[in-house]
Amino acid sequence: MPERISDGAEDVVGMLTERIEARFGMDLDQLKAAVAATPTANPDATDVVKWHGLLVEAQSVLDRTEDDLLAALQTQPSEVDDPTMDLAHRVNAAVTTRDGRALVVKWFLDPDAPGKKDLAAERLARLRPRTGPAVQISAPHQPSGAPAPASAVRAGRPGR
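The residue numbering used here restarts from 1 in each chain and proceeds along that chain's sequence as written. Whole-chain, interface and lining totals are the exception, using all residues; otherwise, since this is a predicted model, local features are given only for residues with pLDDT of at least 70 and side-chain atom pairs are given and counted only at 80 or more. Values shown for side chains rest on all heavy atoms present in the structure; no hydrogens or waters enter the calculation.

J.: How would you summarise the overall build of the protein chain if you had to cite specific residues and measurements?
T.: Secondary structure elements follow DSSP: runs of H or I no shorter than four residues count as helices, runs of E no shorter than two count as strands, and numbering proceeds from the N terminus. What the protein chain contains, in helices and strands, is six helices and zero strands. Across the protein chain, helices and strands are ordered from the amino to the carboxyl terminus as α-α-α-α-α-α. Burial classes follow relative accessibility: with a 1.4 Å probe on protein chains only, a residue under 20% of its type's maximum area counts as buried, one over 50% as exposed, and anything between as partly exposed. By the burial criterion, 25% of the 160 residues in the protein chain qualify as buried. For the protein chain, contacts bridging at least 24 residues in sequence account for 55% of all contacts bridging at least 6. Accessible area for the protein chain stands at about 11200 Å²; split by element, carbon and sulfur atoms hold 56% of it. Whether two residues touch is decided by their heavy atoms; if any such pair falls within 4.5 Å, the residues are in contact. In short, Shrake-Rupley with a 1.4 Å probe defines the accessible areas, and a residue's cover is counted only from the protein chains shown.

Okay, structure coming up:
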């Protein structure tokens, strides 16, 4: 049975923060500092720190939205009005956002997660930023006295 993220009694951010700290062997603040200092040193750590930040942001939005809904419900008579119902929908959307981001963090933390050891993983690795140039950025050295390339001759440019 899949692990359930959205459990009111469970602190999702706290649980995932503990798993991040265990995975990388350091406090989250230390990990953030290390990623900030050298973001390309460990792409997995960089991804986890980024998505953990997004998760914390989503949890904050959820907390505020829940507080707004509770305040509105305390002023309601027996029937809920449309603005309060809109707040309930915003809470549902915030839970969905928070849970989605939590799942992404969990995926980054699981080395055996689907898509990490197959063609999709290879494609993901190619999308990550490179640490150096992918192609040669300077023209190849041509020894003096060598004939100019045919493309230079056709373009009417003098050879070396």
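J.: Break down helix H2 (residues 28–37) for me, citing the residues and quoting the values.
T.: Among the residues making up H2, those that are buried are Leu28, Leu31 and Val35. Projection of H2 onto a plane perpendicular to its axis shows the buried side chains occupying an angular sector of 55°, all on one side. For H2, exposure combined with an orientation more than 90 degrees from the buried face picks out Asp29, Ala36 and Ala37. Against helix H1 (12–24) and helix H3 (43–74) lie the buried residues of H2. Throughout this description, a polar contact denotes any pair of N or O atoms lying within 3.5 Å of each other; where both atoms belong to protein, one of them has to be capable of donating a hydrogen while the other can accept it, and for residues adjacent in sequence the pair is counted only when both atoms sit in side chains. For H2, the N-terminal capping position is held by aspartate 27, with its side-chain oxygen 2.6 Å away from the main-chain nitrogen of aspartate 29. Note that the arc is computed from the directions linking the helix axis to the C-beta atoms.

J.: So what's going on with a negative patch on the surface? Which residues, and what values?
T.: Two distance rules govern patches: like charges are joined within 9 Å, and nonpolar side chains (Val, Leu, Ile, Met, Phe, Trp, Tyr) within 5 Å, applied only to residues with over 30% relative accessible area and no salt bridge. One speaks of a salt bridge when a side-chain nitrogen belonging to Lys or Arg is within 4 Å of a carboxyl oxygen belonging to Asp or Glu. By the counting rule applied here, Lys and Arg register as positive and Asp and Glu as negative, while His and the ends of each chain are not counted. Where a charge sits is defined by one atom per residue type, namely NZ (Lys), CZ (Arg), CG (Asp) or CD (Glu). The grouping of Asp63, Glu66, Asp67 and Asp68 at the surface amounts to a negative patch. Its location among the elements puts aspartate 68 in helix H3.

J.: Describe the packing of aromatic side chains, with residues and values.
T.: Classification of ring pairs rests on two measures: the distance between centres of Phe, Tyr or Trp rings, Trp counted by its six-membered ring, which must be within 6.5 Å, and the angle between planes, read as stacked under 30 degrees, edge-to-face over 60 and tilted in between. Counted according to the given criterion, the structure contains one aromatic pair. Ring geometry for tryptophan 107 and phenylalanine 108: centres 5.2 Å apart, planes at 75°, overall edge-to-face. For tryptophan 107, a relative accessible area of 27% puts it in the partly exposed group.

J.: Before we move on, can you summarise the nonpolar core with the specific residues and values?
T.: In this description, a nonpolar core means a group of buried Ala, Val, Leu, Ile, Met, Phe, Trp, Tyr and Cys residues linked to one another through side-chain atoms lying within 4.5 Å. If you look at the biggest cluster of nonpolar residues, it comprises 17 residues, and the most contacted ones within it are Leu16, Ile20, Phe24, Leu31 and Leu109. Contributions of two or more residues to this core are made by H1, H2, H3 and helix H4 (82–109). The dominant element in this core, judged by the number of residues it contributes, is H1, at six residues. Listed in part, the seven residues of the second largest apolar core include Leu62, Leu69, Leu87 and Val95.

J.: Can you lay out the pattern of salt bridges for me, pointing to particular residues and giving the numbers?
T.: In this structure the tally under the stated criterion is three salt bridges. Taking the shortest distance from any N to any O, the salt bridge between arginine 23 and aspartate 44 comes out at 3.9 Å. Here arginine 23 is found in helix H1, whereas its partner aspartate 44 is found in helix H3, with 21 residues between them in sequence. Using a relative accessible area of 28% as the deciding quantity, one classes aspartate 44 as partly exposed. Across the pair aspartate 99 and arginine 98 runs a salt bridge whose closest N-O atoms are separated by 2.7 Å. Each member of the pair, aspartate 99 together with arginine 98, is buried.

J.: Go over a nonpolar patch on the surface, please, and point to the residues and values.
T.: On the surface, Leu70, Leu73, Val80 and Met85 cluster together into a nonpolar patch covering about 350 Å² of accessible area. Of note, leucine 70 is situated in helix H3.

J.: Any details on the packing of H1 against H3? Residues and values, ideally.
T.: To get an axis, a line is fitted to the C-alpha atoms, and for a helix only the part in contact is used. The angle between two axes follows their N-to-C directions and goes from 0 to 180 degrees. Following both chains from N to C, one finds H1 and H3 inclined at 165°, their axes separated by 11 Å at the closest point. The orientation of H1 with respect to H3, classified from their angle, is roughly antiparallel. Crossing handedness for the pair H1 and H3: left-handed. Contact with H1, carried on its side by Val13, Leu16, Thr17, Ile20, Arg23 and Phe24, involves Asp44, Ala45, Val48, His52, Leu55, Val56 and Gln59 of H3 and no other residues of that element. Residues are grouped as follows: nonpolar covers Ala, Val, Leu, Ile, Met, Phe, Trp, Tyr, Cys and Pro; charged covers Asp, Glu, Lys and Arg; every other residue, Gly included, is treated as polar. Here the residues of the contact of H1 with H3 sort into eight nonpolar, three polar and two charged. Roughly parallel means an angle under 35 degrees; roughly antiparallel means over 145; roughly perpendicular covers 65 to 115; every other angle is labelled oblique. The handedness criterion is simple: a crossing whose near helix is rotated anticlockwise from the far helix by less than a right angle is left-handed, and one whose near helix is rotated clockwise is right-handed.

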